[in-house]
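Results of the structural survey
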Amino acid sequence: MPVDFETHEPGNPRVDLSEGTNARRLLEFLLTTPTVGYTPAELAEETEIPRGSVGPTMNRLEAAGLVRHKEPYWAAAEDDRIAAATAAFIGVETASSTYSDDWYAQNDGWAEELPDLSDEES
């Protein structure tokens, strides 16, 4: 993943969990069975992520405290950050499924159509 060279701090455990990233896909998979450990080969097969990308991604997730490792197995971590990540995933997916087909989602310029109420009297 490319980084801003000037602001990058080596060892920074920040992980991009945006939808579609390998980190997100791996973490979501591990969260489906949080007490089960998987080998890198099993994770690659289950998530369809290239085997060579699984190890580095899991290491970043481990540095961020989101997964745990017992050679050769990986599993979701057991702490509050996992609960927060799960809640965030569920919240975003719920909002997306609830509002993705409403008028606002279908009309990119909807905010431009709103009247300017800043000058109105109260």
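Residue positions are given per chain, counted from 1 along the sequence in the order it is written. Given that this is a predicted model, residues contribute local features only at a pLDDT of at least 70 and side-chain atom pairs are listed and counted only at 80 or more, while totals for whole chains, interfaces and linings are drawn from all residues. Just so you know, side-chain values use all the structure's heavy atoms and leave hydrogens and water out.

1. Considerations on the pairing of strand β1 (residues 67-70)
Operational definition: The rule for pairing is simple: two strands pair if DSSP sees at least two bridges between them. A helix here means a DSSP run of H or I that spans at least four residues, while a strand means a run of E at least two residues long, and both kinds are numbered starting from the N terminus.
Two strands pair when backbone bridges link them, and β1 and strand β2 (residues 73-76) are joined in this way by 4 bridges, in the antiparallel orientation. Its bridge partner being in β2, Val 67 is matched across the sheet by Ala 76. Between the antiparallel neighbours β1 and β2 lie 2 residues.

2. Remarks on the packing of helix α1 (residues 22-32) against helix α3 (residues 51-63)
As a reminder, the rule being used: A fitted line through C-alpha atoms represents every axis, and for helices the fit uses only the stretch in contact; the resulting angles, taken between N-to-C directions, go from 0 to 180 degrees. For classification purposes, angles smaller than 35 degrees are called roughly parallel, those larger than 145 roughly antiparallel, those between 65 and 115 roughly perpendicular, and all remaining angles oblique. In what follows, a contact means two residues having at least one pair of non-hydrogen atoms within 4.5 Å.
Contact pair α1 / α3: the axes reach a minimum separation of 10 Å and the direction vectors enclose 75°. By the angle between their directions, the pair α1 and α3 is classed as roughly perpendicular. Across the interface between the two elements, Asn 22, Ala 23, Leu 26 and Leu 30 from α1 touch Ser 53, Val 54, Thr 57, Met 58 and Leu 61 from α3.

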